[in-house]
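Letter by letter, the chains look like this.
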Amino acid sequence: MVVFQQFTRFLHTTRAVYASAEKSALAALRKKTGYTFANCKKALELHNNDINLAEKWLKEQAQSLGWSKATKLAERATAQGLVGVLVRGNIGAMVEVNCETDFVARNENFKNFVDHVSRVCAQYTELTQFDGDLWKSGFEAEALKNLKTPDGKSLADHLALLIGTVGENASIKRAICFKVSNDLQLSGYAHPQTTSAICPQNVTQLGKYGAIVAFRGNKIDEELQKNLCQHIVGLNPKKVGEEGKDEPNANKDEETCLIHQEYLIDDDKTVGEVLKENNVAIIDYQRFECGEVATNDDLEQAKMSN
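Bear in mind that the values here come from a model prediction, so they are computed numbers and not experimental data.

A. Expanded view of unusual backbone geometry. Between His191 and Pro192 the backbone carries a cis peptide bond, its omega angle lying at 0°. Structurally, Pro192 is set in the loop between strand E5 (184–191) and strand E6 (205–207). The backbone of Asn202 shows a phi angle near 60°, a positive value even though the residue is not glycine. On the basis of relative accessibility, which here comes to 35%, the residue Asn202 falls in the partly exposed class. Although it is not a glycine, Lys219 sits at a positive phi angle of roughly 50°. Positionally, Lys219 belongs in the loop between strand E7 (209–216) and helix H8 (222–235).

B. Fine view of helix H5 (residues 108–126). The terminal C-alpha atoms of H5, which comprises 19 residues, lie 27 Å apart, in line with the 27 Å expected from a rise of 1.5 Å per residue. Buried within H5 we find Phe110, Phe113, Val114, Val117, Ser118, Val120, Cys121, Ala122 and Thr125. Where H5 begins, one side-chain oxygen reaches toward the backbone nitrogen of Asn109, 2.6 Å away; that side chain belongs to Asn107.

C. Local environment of the layout of surface pockets. When its volume is computed, the largest pocket comes out at roughly 520 Å³. Put simply, the parts of the chain that give the lining of the largest pocket at least two residues each are helix H1 (2–33), helix H3 (51–73), H5 and helix H7 (155–166). Residue composition of the lining of the largest pocket, by class: 4 nonpolar, 8 polar and 8 charged. Volume-wise, the second largest pocket comes out at about 390 Å³. Lining the second largest pocket are 20 residues, and of these Lys145, Leu159, Ala170, Ser171 and Ile172 lie nearest its centre. The set of elements that each furnish at least two residues to the lining of the second largest pocket consists of H3, strand E2 (91–99), helix H6 (141–145), H7 and strand E4 (170–180). Here the residues of the lining of the second largest pocket are counted per class, giving 11 nonpolar, 5 polar and 4 charged.

D. Inspection of the packing of aromatic side chains at higher detail. Under the counting rule described, the total for this entry stands at 1 aromatic pair. Above the ring of Phe288, the side-chain terminus of Arg174 is found at 3.8 Å from the ring centroid.

E. Seen up close, the environment of Gln225. Positionally, Gln225 belongs in helix H8. In this structure Gln225 comes out as buried when scored by relative accessible area, which is 4%. Taking the C-alpha atoms as reference, Gln225 lies 8.4 Å from Phe215; in sequence the two are 10 residues apart. Ignoring any residue separated from it by four or fewer positions in sequence, one finds Gln225 in contact with Gln185, Leu186, Ser187, Cys199, Phe215 and Ile220.

F. A look at the pairing of strand E3 (residues 134–140). Burial of E3 is extensive: 5 of the 7 residues sit out of reach of the surface. Relative to E4, E3 runs antiparallel, the two sharing 7 bridges. The residue of E4 that forms the bridge with Leu134 is Val180.

G. View of the sheet that holds E6. Reading across from one edge, E3-E4-E2-E1-E6 is the order of the 5 strands in this open sheet, with antiparallel pairing throughout. Taken across any chain shown, the strands that pair with only one partner, and hence form the sheet edges, are E3 and E6. With direction set aside, neighbouring strand axes in the sheet form an average angle of 15°. Of the strand pairs in this sheet, strand E1 (residues 80–88) and E6 are connected by 3 bridges, and their pairing is antiparallel. Each bridged residue has a counterpart across the sheet, and for Val85 the counterpart in E6 is Gln205. Across the sheet, H5 touches E1, E2, E3, E4 and E6, and the angle it forms with E2 is around 145°.

Conventions and cut-offs
Residues numbered from 1 in each chain as written. Predicted model: local features only at pLDDT ≥ 70, side-chain atom pairs only at ≥ 80, totals over all residues. Heavy atoms only, no water. Helix = DSSP H or I, 4+ residues; strand = E, 2+ residues; numbered from the N terminus. Buried < 20%, exposed > 50% of the residue type's maximum accessible area, 1.4 Å probe, protein only. Expected span 1.5 Å × (residues − 1). Polar contact = N/O pair within 3.5 Å; in protein donor to acceptor, adjacent residues only side chain to side chain. 1 Å grid on protein atoms, 1.4 Å probe; cavity = no way out; pocket = protein on both sides within 12 Å on 5 of 7 lines; lining within 4 Å. Points joined across faces, edges and corners; volume = space filled by probe spheres on them. Nonpolar A, V, L, I, M, F, W, Y, C, P; charged D, E, K, R; others polar. Phe/Tyr/Trp six-rings, centres within 6.5 Å; stacked < 30°, edge-to-face > 60°. Lys NZ or Arg CZ within 6 Å of the ring centre and 35° of its normal. Contact = heavy atoms within 4.5 Å. Pairing = 2+ DSSP bridges. Axes fitted to C-alpha atoms, helices over the stretch in contact; angles between N-to-C directions.

Everything listed here is a matter of geometry and, on its own, says nothing about what the molecule does.
See below:
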């Protein structure tokens, strides 16, 4: 009788330990992959609770399902999404990735994908050789989807994986890449801001609006850089402008030339006056607004520059 009780207690303890380990593996897999409870449970059951094998299986299933879903959902509009802005030293990349709903735009898997696209674009830019102070190139959807990622797959493969994960259509709309040399430097900003850092390096900022700006000047104050990026996001100038060549608009509210616009932070001054005071010049910039329809002027501005 005592032996039977001990054996029963052993079985109960073993089952409890196994159940606890199974529950722990399930929680870890869900946190790591973001897939549903049912899918993670099935993956673990198929692979004897081996998290690594289960994760690999889930990704393979999601990839296959993603391509199937991507084909079925391809015609559905993707009006929501995020702009990603990444600046790393003398390299900058800004991308727009779209989805169907704002709910998915707030999803961590979607945010991670925008970061991934930004870093692939930055990596491509890093390999680019050029002469001069500034190289700038715009990419449309098809060119972006064909870019290779560090794992050897294309961004199109990763996009299909995302679609399989979030369950709705998504698209990589466009990107702009900057590379500078000599005395030029880059700064970027996304709105609404997701980080407290003034000019974060190697951090993909996410928002509905974004800007990358190429400055010339010595020891440019970071707060000034951020404020000028904010100004471009907020007032949407069409060009930098040149003193003596571009005349200010008689109606200040309709001014589209950056140097003649009232400074967003202090409307007693123009942007041109602020730049002169700080011995800074804006050489070039690009602004994205999520969901906007690109005009001919936007496409012209995004052409390669040297």
